[in-house]
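What the coordinates show
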Amino acid sequence: MTALEIRDITKDYATSRALHPVSIDVERGEFVTILGPSGCGKSTLLRILMGISRPSAGEIHLAGQRIDALPPEARDIAMVFQSYALFPHMSVGKNLAFGLRMKRVAKPERAQRIEHAIDICNLTGLTERMPRQLSGGQQQRVALARAIVMQPSLLLFDEPLSNLDAKLRDTLRHELVELHRRIGATSIYVTHDQSEAMAMSDRIVVMNAGRVVETGTPQQLYRAPKKAFTASFLGQTNLLSVTAEGVRARLPWGETIALDATATGPARVSVRPEAMSVSPNNLGSGVVTSVSFMGANVLYKVAVGDVTLKVAQAGGDALLAPGTHVAIGFQGAAHLLDEREFAGAA
Ligand code: ADP
């Protein structure tokens, strides 16, 4: 069942358009991430969903009700901010109770909801603490609990982990996924961090320059992106201009590679670094230009004619030195990207 429908929302500022018609459907209980680079319109869309900014056109429906003209407090939405935004002069317990008091939730139910949120957000024993007496991770858990107690129809997350250090971010990322599994709240999570999006989401909406580029599960978008933008934004890839010849394509340096679809003529393919390998070969077409030991694998940059390939090879016992001539191997087929974007970008 569709919980949230964003229909053809646009946003114009005085001299520019921040959102071209954007349409997104979110199913009930789904965790959808909006992923895109800085300036792509994520915050603008979030502000419109919350009701602190009005769209120039379009409609938003939440749980069957049109909400785009309602004030923020009349929308059944709770938000977890990047900056936590806790009330500094209130204890954890009072922070959690505030929204419920405003909504005139009766005291026994208030106490019960707060106790539940404290429990599932790992905040036991911290109810009397003031925000300044908490670590960053604990403050973000309080912000999360404060959103959850409201039992909203929609939970919004605005880059909530980006102020935390890498290890804590990783821990909280797992906690959030587990929490979502338990409470099943319909959630929209906004981030520019592709690894966060891939690890957490049921579906990812990739945005660029005020438009939705593509939508899909993390696996779909990583393995079979339609657009070059998606292929290069989600992880690393090699975008290659080729001449398609049916089920194979000719690479710029003359070798051919299998395609995962049939095409003819100029086309563009995506080949992930881990789908390539290099082996020393004096007659090979490539030359290693740089070597980075990454732990689990080794990342080589390999020049082939005018093209520089990124190749990720497992096992780093005997690193190939820059200058080594190599043969390049391809595992599986190259992924054919959408021709229309190629035509448009050319
Ligand atoms: P993101 O959150 O993805 O970084 P934003 O939604 O903040 O992107 O911005 C989208 C675009 O709208 C950007 O080009 C930004 O410069 C522009 N923009 C945002 N807010 C305003 C504003 N108040 N006035 C004019 N332009 C704005």
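You'll find the structure just up there.
In this text the structure is predicted, and so the values were computed from the model without any measurement.

1. Examining the overall build of the chain
Scanning the chain from N- to C-terminus turns up nine helices and 18 strands. Each principal axis of the C-alpha atoms in the chain carries an extent, and together these give about 80 × 45 × 35 Å. Expressed as a percentage of the 346 residues in the chain, the buried residues total 48%. Intrachain contacts of the chain at a sequence separation of at least 6 include 65% that bridge at least 24 residues. With an accessible surface of roughly 16600 Å², the chain has 51% of that area assigned to carbon and sulfur atoms. In the chain, 37 positive and 33 negative side-chain charges are present, and the distance between their average locations comes to 6 Å.

2. Comments concerning the site of the ligand
Every residue lining the ligand is accounted for by Y13, A18, P37, S38, G39, C40, G41, K42, S43, T44 and R47. Here G41 contributes a backbone N or O atom positioned 3.0 Å from an oxygen atom of the ligand. Between the ligand and K42 there is a distance of 3.0 Å, counted from an oxygen atom to a backbone nitrogen or oxygen. Burial of the ligand by the protein chains amounts to 57% of its free accessible area of 560 Å². Here the shell around the ligand is composed, by residue class, of four nonpolar, five polar and two charged.

3. Comments concerning the pattern of salt bridges
All chains considered together, the criterion is met by twelve salt bridges. R66 is the partner of E59 in a salt bridge, and the nearest nitrogen-oxygen pair spans 3.3 Å. Residues R181 and E178 are paired through a salt bridge, measuring 3.1 Å at the closest nitrogen-oxygen approach. One end of the pair is R181 and the other is E178, both in helix α5 (residues 166-183) and three residues apart, which spans about a single turn. According to the relative accessible area criterion, R181 is exposed, its value standing at 61%. If you follow the salt bridges from partner to partner, you end up with E5, R7, E59, R66 and D68 in one network.

4. Here we look at helix α1 (residues 42-50)
The buried fraction of α1 amounts to seven of the nine residues, a majority that puts the element mostly inside the structure. Directly beyond the C-terminal end of α1, a positive phi value near 100 degrees is found at G51.

5. A few points about the environment of P225
Tracing the chain through its elements places P225 in the loop between α7 (218-223) and α8 (228-233). On the accessibility criterion, P225 (2% relative accessible area) is buried. Distance from P225 to H335, taken between C-alpha atoms, is 8.2 Å for residues 110 residues apart in sequence. Setting aside residues up to four positions removed in sequence, P225 forms contacts with E214, Q220, T230, A231, H335 and L337.

6. Remarks on the packing of aromatic side chains
Inspection of every chain in the model, using the stated rule, returns five aromatic pairs. When the ring of F157 is compared with that of Y189, the centres are 5.6 Å apart and the planes differ by 40 degrees; the resulting orientation is tilted. Of the two residues, F157 sits in strand β7 (residues 154-158) while Y189 sits in strand β8 (residues 187-191), which places them 32 residues apart along the sequence. Here Y189 falls in the buried class, since its relative accessible area comes to 0%. By way of ring pairs, the aromatic residues F31, F157 and Y189 are connected into one cluster. Over the aromatic face of F87 sits the side chain of R146, whose NZ or CZ is 5.2 Å from the ring centroid. Positioned over the ring face of Y222 is R272, at 3.9 Å from the centre of the ring.

7. Notes on the sheet that holds strand β11 (residues 238-250)
Strand order across the open sheet formed by three strands is β11-β12-β18, with antiparallel pairing between neighbours. The open sheet terminates on both sides in strands that have one partner only, identified here as β11 and β18 (335-336). Pairing of β11 with strand β12 (residues 256-271), which is carried by twelve bridges, proceeds in the antiparallel orientation. From the neighbouring strand, A249 faces β12, where its bridge partner is I257.

8. Brief notes about the sheet that holds strand β5 (residues 65-66)
Ordered in space as β2-β1-β4-β5, the four strands form an open sheet in which the pairing is antiparallel. At either margin of the open sheet sits one strand with a lone partner, and together these are β2 (17-27) and β5. The pairing of strand β1 (residues 2-12) with strand β4 (residues 57-62) spans five bridges and is antiparallel. Residue pairing for β4: R7 is matched across the bridge by E59. Seen against the sheet, α1 touches β1, β2 and β4 and runs at an angle of roughly 120 degrees to β1.

9. Some words on the pairing of strand β3 (residues 31-35)
Counting buried residues along β3, five of its five residues qualify, which places the element largely inside the surrounding structure. Here β3 shows a buried face lined by F31, T33 and L35 and a second buried face lined by V32 and I34. Inspection of the sheet shows β3 paired to β8 by five bridges, in the parallel sense. Note that in β8 the partner of V32 across the bridge is I188. Sheet topology places β3 next to strand β9 (residues 203-208); four bridges connect them, and they run parallel. What sits directly across from I34, in β9, is V205.

Scoring rules and cut-offs
- Residues numbered from 1 in each chain as written.
- Predicted model: local features only at pLDDT ≥ 70, side-chain atom pairs only at ≥ 80, totals over all residues.
- Heavy atoms only, no water.
- Helix = DSSP H or I, 4+ residues; strand = E, 2+ residues; numbered from the N terminus.
- Buried < 20%, exposed > 50% of the residue type's maximum accessible area, 1.4 Å probe, protein only.
- Contact = heavy atoms within 4.5 Å.
- Areas by Shrake-Rupley, 256 points an atom, 1.4 Å probe, with all protein chains shown as cover.
- Lys, Arg positive; Asp, Glu negative; His and termini not counted.
- Charge placed at Lys NZ, Arg CZ, Asp CG, Glu CD.
- Near = heavy atom within 4 Å.
- Polar contact = N/O pair within 3.5 Å; in protein donor to acceptor, adjacent residues only side chain to side chain.
- Nonpolar A, V, L, I, M, F, W, Y, C, P; charged D, E, K, R; others polar.
- Salt bridge = Lys/Arg side-chain N within 4 Å of Asp/Glu carboxyl O.
- Phe/Tyr/Trp six-rings, centres within 6.5 Å; stacked < 30°, edge-to-face > 60°.
- Lys NZ or Arg CZ within 6 Å of the ring centre and 35° of its normal.
- Pairing = 2+ DSSP bridges.
- Axes fitted to C-alpha atoms, helices over the stretch in contact; angles between N-to-C directions.

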